Structures are given as structure tokens and as C-alpha cells.
Amino acid sequence: PKLKDIPTLVEMLTYKTGQPDVTTGISLDKFTKLYHPPVPDFAIEVMDIPPSQVYNMGKVNAPSVILCLNGSGVVEQGIVKSINIGFGVAAFVSANTEAKLYSGESGVRIARAMTNVHL
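Residues numbered from 1 in each chain as written. Predicted model: local features only at pLDDT ≥ 70, side-chain atom pairs only at ≥ 80, totals over all residues. Heavy atoms only, no water.

Chemist: Now, about the side chain of Ser-103: what can you tell me, with residues and values included?
Modeler: By the secondary structure assignment, Ser-103 is in strand S8 (residues 99–114). Within the structure, the side chain of Ser-103 is placed 3.1 Å from the backbone nitrogen of Ser-52, a separation counted as a polar contact. The contact partners of Ser-103, leaving out residues within four places of it in the chain, are Ile-49, Pro-50, Pro-51, Ser-52, Gln-53, Ser-72, Gly-73 and Val-108. (Helix = DSSP H or I, 4+ residues; strand = E, 2+ residues; numbered from the N terminus. Polar contact = N/O pair within 3.5 Å; in protein donor to acceptor, adjacent residues only side chain to side chain. Contact = heavy atoms within 4.5 Å.)

Take a look at the structure:
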């Protein structure tokens, strides 16, 4: 069985109460909002692209994962084959690489998660 060092765990506890810091995001452009907490672990960009638009996702200094939250479209990254996206579809974007996002007839909402390169 695994050792449970309860005295050490209890010693690490803090009993401070308070409200969490809630970030409202920073607008990067008219389609993208950046949410970056004060930790280096992650940051999230949320992109709301209107119907039938082409949007250039800028480069970031870290690999990222995009997840389609709503709508549909196509993602192109460099010379990589196009990827059709729709609700629940995820795709990988390499570090320091631009990607183009073509929104479908109903637009598309994308979340991009990455390490917090914005600190």
C-alpha cells in the first residue's frame, strides 16, 4: 500500500478564505479574446469568427491545441493538409506557426490552449 504522510499533508494546508480571481479576458483583435491567469501553466484564446471569413491565427512561441466549441470550418497550417473542424474536433498547431481558419456558413468558435507565453 502507498504511504500516506498525513502530518505533512495537514501541515501544507492553509485555511485562507476569499474570492477567486476571475479573468474577463483581453481583446487581442475583433475576433479573439485572451484569458491568461497569473500562472505559467496555460493560457486560452477564444476566437469567435463570423460566417464565411478567413482568420489568420498568429504565431505563439509554444505548441497549442485548438478545440472547436461551436460551428464549423477548416484549419490550414503551413503546408499541412486542411483539417475540417466542427463541434468537439481538436487539432494540434505547431509552435511558431501561423494557421488560417476558414469559418463555415454559421461561423465558428474556437478555443486555443497553450502554455502561458504571455507572462
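Chemist: Could you give an account of a nonpolar patch on the surface, with specific residues and numbers?
Modeler: A cluster of nonpolar residues, Ile-6, Val-10, Leu-13 and Tyr-15, forms a patch on the protein surface that exposes about 460 Å² of accessible area. With respect to the helices and strands, Val-10 occurs in helix H1 (residues 6–12). (Patch = residues over 30% accessible without salt bridge, like charges linked within 9 Å, V, L, I, M, F, W, Y side chains within 5 Å. Areas by Shrake-Rupley, 256 points an atom, 1.4 Å probe, with all protein chains shown as cover. Salt bridge = Lys/Arg side-chain N within 4 Å of Asp/Glu carboxyl O.)

Chemist: I'd like to hear about the nonpolar core, residue by residue, with values.
Modeler: In a soluble, globular protein the nonpolar side chains are often hidden away together inside. Of all hydrophobic cores here, the largest spans 15 residues; its most connected members are Leu-101 and Ile-110. Elements with a minimum of two residues in this core: strand S3 (43–49), strand S4 (54–57), strand S5 (64–77), strand S7 (90–93) and S8. Non-local contacts of Leu-101, meaning those with residues more than four positions away in its chain, are made with Ile-49, Gln-53, Val-54, Tyr-55, Val-74, Val-75, Ile-85, Val-108 and Ile-110. (Core = buried A, V, L, I, M, F, W, Y, C linked by side-chain atoms within 4.5 Å. Buried < 20%, exposed > 50% of the residue type's maximum accessible area, 1.4 Å probe, protein only.)

Chemist: Summarise unusual backbone geometry; cite the residues concerned and give the values.
Modeler: Positive phi is not limited to glycine here, since Ser-52 has a value of about 55 degrees. With respect to the element layout, Ser-52 can be found in the loop between S3 and S4. Looking at Ser-52, the relative accessible area reads 60%, which means it is exposed. You will see that Asn-96, though not glycine, has its phi angle at about 55 degrees, which is positive.

Chemist: Describe the pairing of S7, with residues and values.
Modeler: Residues of S7 alternate between two faces, with Ala-91 and Val-93 buried on one and Ala-90 and Phe-92 left unburied on the opposite face. Pairing analysis gives four bridges linking S5 to S7, with the strands arranged antiparallel. Across the sheet, the residue bridging to Val-65 is Phe-92, located in S7. (Pairing = 2+ DSSP bridges.)

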